[in-house]
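Coordinates in review
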Amino acid sequence: MDDIFSNFGDIFSDEFESFTEFGFKKKKVNRFKGSNLKIKIKVSLEDIYYGRNKTIKIKRMKVAPGVNFKTCVNCNGTGVVTNITNTFLGKMQTTIQCSFCKGIGRIITNVPYNANKQGLISVIELVQITIPKGVNDNGIFKIPGKGNEAPFGGKNGDLIIVFKEIPHKLFKREGNDLHTKLYISIPEAILGSRKKIKTLSGFIKVNIPKGTQSGKKLLLKGKGLPYNGYGYGYSYGNLIIHIYLWTPIKINKEQKIYFEKIKKNKNFVPKN
Ligand SMILES: [Zn+2]
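First, a word on what this report is: a plain description of the structure on this page. Please read these numbers as outputs of a predicted model, since none were measured by experiment. The numbers attached to residues start from 1 for each chain and follow its sequence in the written order. This being a predicted model, a pLDDT of at least 70 is required before a residue's local features are given, and a value of 80 or more before pairs of side-chain atoms are given or counted; all residues contribute to the totals for chains, interfaces and linings. Note that the side-chain values use all heavy atoms of the structure and ignore hydrogens as well as water.

It is worth spelling out the overall build of the protein chain at this point. The numbering of helices and of strands both runs from the N terminus, where a helix is a DSSP run of H or I of at least 4 residues and a strand a run of E of at least 2. The helix and strand tally for the protein chain stands at four helices and 17 strands. Residues counted as buried form 36% of the 272 residues belonging to the protein chain. Of the contacts formed within the protein chain by residues at least 6 apart in sequence, a portion of 63% connects residues at least 24 apart. All accessibility values rest on the Shrake-Rupley procedure with a 1.4 Å probe; residue burial counts only the protein chains present in the view. Element-wise, carbon and sulfur atoms account for 54% of the exposed surface of the protein chain, whose accessible area totals about 18,400 Å². Burial status follows relative accessibility: with a 1.4 Å probe on protein chains alone, a residue under 20% of its type maximum counts as buried, one over 50% as exposed, and anything between as partly exposed. Two residues form a contact once any of their heavy atoms are found within 4.5 Å.

Here is the structure:
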């Protein structure tokens, strides 16, 4: 269809100038383009990490079977009508939008009973999409031609998908880095420990060095989200673990005696 219309060239150019009482005005007419569809979909950090596939349901306009159209005789398919009038300044040419076809240049001759005035019907379709790895919140992905179909055999609109990130229970996103909290016990902070940490790609073991302060950050390189690499493979952001000391609220008598004993020890006096 693109080839057929390219032959018309100038006749069907998208812009034409019309003379109005206010002067020349450029008017943009999308006679042969269906409108775009925009859809928002919710995605988890896991979806973004793995670049998962999703099936989405869309409602789009399609040309109904049996639609027929002919060239508008009033404007010969140009969508515009040119008049020449004699004024005191001489001959003046005015070009206005054809009122018969509303500037489309086509007239529908057969509209099936279930279609609208443009010969389109609404249909529900399933579309397979792959979430781009590392896509940002509000990131946009375009599927050309999957929007509404155009009447009169024109070009389809596009399907525009907007990704909305679902907040994660464990991870806070900052660009392609992830932040997470880890509580460790007082003995673990003093003696050091090995902890199992959840990442988006599974569990890993992390060493907590002895003498770890509350508020310390551990950096796990490459355990964040992938950067959207355009065919060059993926590199990843980091996972930053924020360490907090877990303080027990209730302790028993024995523990109380123990902590009373070490309370005054100079090793336990904070040094700012
Ligand atoms: Zn016309």
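Across a sheet, strands are paired by hydrogen bonds formed along the backbone, either parallel or antiparallel in direction. Pairing in this open sheet of four strands is mixed, and the strands run β12-β13-β17-β16 from one edge to the other. With partners counted over all chains shown, the strands left at the sheet margins are β12 (172-174) and β16 (217-220), one partner each. Each strand axis lies, on average, 30° off the axis of its neighbour in the sheet, ignoring direction. The pairing criterion is simple: DSSP has to find at least two bridges between the two strands. Relative to strand β17 (residues 239-246), β16 is paired through four bridges, and the arrangement is antiparallel. By the bridge assignment for β17, Leu219 is matched with Ile240. Lines are fitted to the C-alpha atoms to define the axes, a helix being fitted only along its stretch in contact, and any angle between axes, read from their N-to-C directions, falls within 0 to 180 degrees.

Spatially, the three strands line up as an open sheet ordered β3-β11-β10, and their pairing is mixed. Each end of this open sheet is capped by a strand with a single partner; those strands are β3 (37-43) and β10 (139-143). Across this sheet, the average inter-strand angle for adjacent strands is 25°, counted without regard to direction. Bridge count between β3 and strand β11 (residues 159-165): seven bridges; the pairing is parallel. Residue Lys40 lies in a different strand from β11, and its bridge partner there is Val162.

Right, let's talk about the side chain of Ser44 for a bit. Considering the arrangement of structural elements, one finds Ser44 in the loop between β3 and α2 (45-50). Ser44 gets classed as buried once you look at its relative accessible area, which sits at 18%. Those residues in contact with Ser44 that lie beyond four places of it in its chain are Arg52 and Ile166.

You can see Thr109 is positioned in strand β8 (residues 106-110). Sequence-wise, Thr109 and Gly119 are ten residues apart; in three dimensions their C-alpha atoms are separated by 9.6 Å. Ignoring sequence-local partners within four residues, the contact set of Thr109 consists of Asn68, Phe69 and Lys70.

A separate point is a nonpolar patch on the surface. Taken together, the side chains of Tyr183, Tyr244 and Trp246 define a hydrophobic patch exposed on the protein surface, amounting to about 330 Å² of accessible area. Relative to the assigned elements, Tyr183 resides in strand β13 (residues 177-185). Each patch is built from residues lacking any salt bridge and having more than 30% relative accessible area; the joining distance is 9 Å for like charges and 5 Å for nonpolar side chains (Val, Leu, Ile, Met, Phe, Trp, Tyr). One side-chain nitrogen of Lys or Arg within 4 Å of one carboxyl oxygen of Asp or Glu is enough to make a salt bridge.

Attention shifts here to the pattern of salt bridges. Taken as a whole, this structure holds eight salt bridges when the rule is applied. Across the pair Asp158 and Lys142 runs a salt bridge whose closest N-O atoms are separated by 3.7 Å. Separated by 16 residues along the polypeptide, Asp158 in the loop between β10 and β11 and Lys142 in strand β10 bring together distant segments of the chain. Between Lys195 and Glu188 there is a salt bridge, and its shortest N-O distance comes to 3.2 Å. Among the residues examined, Lys195 registers a relative accessible area of 18% and is labelled buried.

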